[in-house]
Amino acid sequence: MVFLAEKQMSTFKSSDLGCWSDVIGRQYSLLVCILFSALGYLLLGMSTNMCVFAIARVTVGIFKHTLSISKALLSDLVSEKERPLVIGHFSAASSVGFILGPMVGGYLTELENGFFLTSFICSSIFILNAGVVWMLPWTEEYTDNNENERPTGNSQVTAKANDDLQATSLARAAMNYDTPLSSLWIQVVSVLMRIKIIACSDLWDIFLVRLLMSVAVMLYYSNFVLALEERFGVKPKLTGYLISYGSTLGALAGFLVGPITRLYQHNTHALLLHSTVLTCVLIMLYSTALSIWAVVLSSTFLAFSTTVGRTCITDLELSLGGKQASGTLIGVGQSVTSVGRIIAPLLSGIAQEFSPCGPPSFGAGLALVAILIMLMNTPRYCNGRNPKLKSD
């Protein structure tokens, strides 16, 4: 129940914190998130009862969104053509952390007072990160440095330029107010305005594709260990090696996003469509595999297709929504993915009742729906962002 509460808080706060970073700036929002995450892990290590444990996990669930804010910061600092390359490298570095973290944590927890030691080390690393963020030279003036960015005309987010400018003006006013309560109120209003802009936009298809693909991939992994043992007699230890193998390839795939994007002449929508098709085919291959080698083949290429797909859909959200709301867009995208994490186990349990191949087969069906949605909206993207890039 505690971990479910943390996941739900993470789902609903990701978009708010991303939008908040648009209002007050990346540095302050990063510092707040990092410091409260450090406090949460410190409380976790010192917890002696379930109440303190729950408070610690909920605190971490609310504020541990540094990856989302960092992606928004990167989108502010690089050009539109360089964004897939930089985000791909950033995702690769994050994947390395997710690979090494469980290994180091598993070793530390076996030591005496290992849980407290692990939590204290996590808290210390967050504090160290806060110091790095504080000392770095910052040149941003919130997110109004893109105020003169011309709308592309293919999204209501960019069409509502007046709302963006009004939200930016509120952000400036919030930082100039002497009364903390007045400043806080203006920040809240500005955050709500930006969320309203996203809610009234025509980015519904992008977020729907993101939700469908996140659920599809989670269904693929949901019963991976049990399905391989039941279908092919593979022991959980060997399955763990196979999962680590796929995670390592996913980290390496992050470095290939830039060259692949250049190969597609920065046509992010086409690259996303093709990676989604490949993901759908690979999930179908896994669900109908007759030997373990077909599973290895699908795991190998799925690591690349999912990494490319995640990077492309983030880049497409930012391209259509504009940089002024980059934090909000990335936060909403993370919230959509978190909703998928909540839905996927329920769907997996239902599909598992019919067959061990039920969850991945259902996932392949969801991926196919995502492909159809992208095909129906292809003209909107082909007439929008790519001509502008080719003319640069």
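Residues numbered from 1 in each chain as written. Predicted model: local features only at pLDDT ≥ 70, side-chain atom pairs only at ≥ 80, totals over all residues. Heavy atoms only, no water.

Caption draft 1: A look at the overall build of the protein chain. Counting its secondary structure elements, the protein chain contains 19 helices and zero strands. With 392 residues in all, the protein chain has 51% of them scored as buried. Surface summary for the protein chain: the accessible area is close to 18900 Å², and the carbon and sulfur share equals 69%. (Helix = DSSP H or I, 4+ residues; strand = E, 2+ residues; numbered from the N terminus. Buried < 20%, exposed > 50% of the residue type's maximum accessible area, 1.4 Å probe, protein only. Areas by Shrake-Rupley, 256 points an atom, 1.4 Å probe, with all protein chains shown as cover.)

Caption draft 2: Region of interest: helix 12 (residues 236–253). Along its 18 residues, helix 12 runs 25 Å from first to last C-alpha, staying within 8% of the 26 Å computed at 1.5 Å per residue. Among the residues making up helix 12, those that are buried are Thr239, Leu242, Gly246, Leu249, Gly250, Ala251 and Ala253. (Expected span 1.5 Å × (residues − 1).)

Caption draft 3: Highlighting the pattern of salt bridges. Tallied over the entire structure, the rule returns two salt bridges. The shortest N-O distance in the salt bridge between Glu317 and Arg210 comes to 3.1 Å. Residue Glu317 is located in helix 15 (residues 292–321), and its partner Arg210 is located in helix 10 (residues 204–222); the two are separated by 107 residues in the primary sequence. Residue Glu317 is classed as buried on the basis of its relative accessible area of 1%. (Salt bridge = Lys/Arg side-chain N within 4 Å of Asp/Glu carboxyl O.)

Caption draft 4: Quick peek at the environment of Gln265. If you trace the backbone, Gln265 turns up in the loop between helix 13 (257–263) and helix 14 (268–287). Residue classification places Gln265 among the exposed positions, given a relative accessible area of 53%.

Caption draft 5: Fine view of the packing of aromatic side chains. Evaluation of the coordinates by the stated rule reveals eight aromatic pairs. Judged by centre distance (5.6 Å) and plane angle (15°), the ring pair of Tyr41 and Phe126 falls under stacked. Of the two residues, Tyr41 sits in helix 2 (residues 26–46) while Phe126 sits in helix 6 (residues 114–135), which places them 85 residues apart along the sequence. Across this residue pair, the class does not change: Tyr41 and Phe126 are buried. Seen in terms of ring centroids, Tyr220 and Phe224 are 5.6 Å apart; in terms of plane orientation they differ by 40°. Their pairing is tilted. Grouping residues by exposure puts Tyr220 and Phe224 together as buried. Counting every residue linked through ring pairs, the aromatic cluster contains Tyr220, Tyr221, Phe224 and Tyr286. One residue, Arg231, lies across the ring of Tyr286, its end atom 5.3 Å from the ring centre. (Phe/Tyr/Trp six-rings, centres within 6.5 Å; stacked < 30°, edge-to-face > 60°. Lys NZ or Arg CZ within 6 Å of the ring centre and 35° of its normal.)

Caption draft 6: Spotlight on the nonpolar core. Core analysis: the largest hydrophobic core is formed by 48 residues, its most contacted members being Val209, Phe224, Leu228, Tyr286 and Val295. Residue assignment for this core shows that the elements contributing at least two residues are helix 10, helix 11 (224–232), helix 14, helix 15, helix 16 (326–352) and helix 17 (358–376). Once residues within four sequence positions are removed from consideration, Val209 is found in contact with Ile313, Ala370, Ile373 and Met374. (Core = buried A, V, L, I, M, F, W, Y, C linked by side-chain atoms within 4.5 Å. Contact = heavy atoms within 4.5 Å.)

Caption draft 7: Quick peek at the confidence of the model for the protein chain. For the protein chain, the average pLDDT comes to 76, and 72% of its residues sit at 70 or higher. Across residues 1–12, confidence stays below pLDDT 50; counting only partners more than four residues off in sequence or on other chains, it has 22 contacts. (pLDDT = per-residue confidence, 0-100.)

Caption draft 8: Just the packing of helix 14 against helix 17, in detail. The geometry of helix 14 relative to helix 17 is characterised by a closest axis approach of 9 Å and an angle of 160° between their N-to-C directions. Judged by the angle between their axes, helix 14 and helix 17 are roughly antiparallel. When the axes of helix 14 and helix 17 are compared, the crossing they make is left-handed. Where helix 14 approaches helix 17, its residues His269, Leu272, Leu273, Thr276, Val277, Cys280, Ile283, Met284, Tyr286 and Ser287 are matched on the opposing element by Pro360, Ser361, Gly363, Ala364, Ala367, Leu368, Ala370, Ile371, Met374 and Leu375. Residue classes in the contact of helix 14 with helix 17 are distributed as 15 nonpolar, five polar and no charged. (Axes fitted to C-alpha atoms, helices over the stretch in contact; angles between N-to-C directions. Parallel < 35°, antiparallel > 145°, perpendicular 65-115°, else oblique. Left-handed = near helix turned anticlockwise from the far one by under 90°. Nonpolar A, V, L, I, M, F, W, Y, C, P; charged D, E, K, R; others polar.)

Caption draft 9: Structural view of the environment of Ser68. Here Ser68 is to be found in helix 4 (residues 66–77). C-alpha separation for the pair Ser68 and Ile330, spaced 262 residues apart in sequence, amounts to 6.1 Å.

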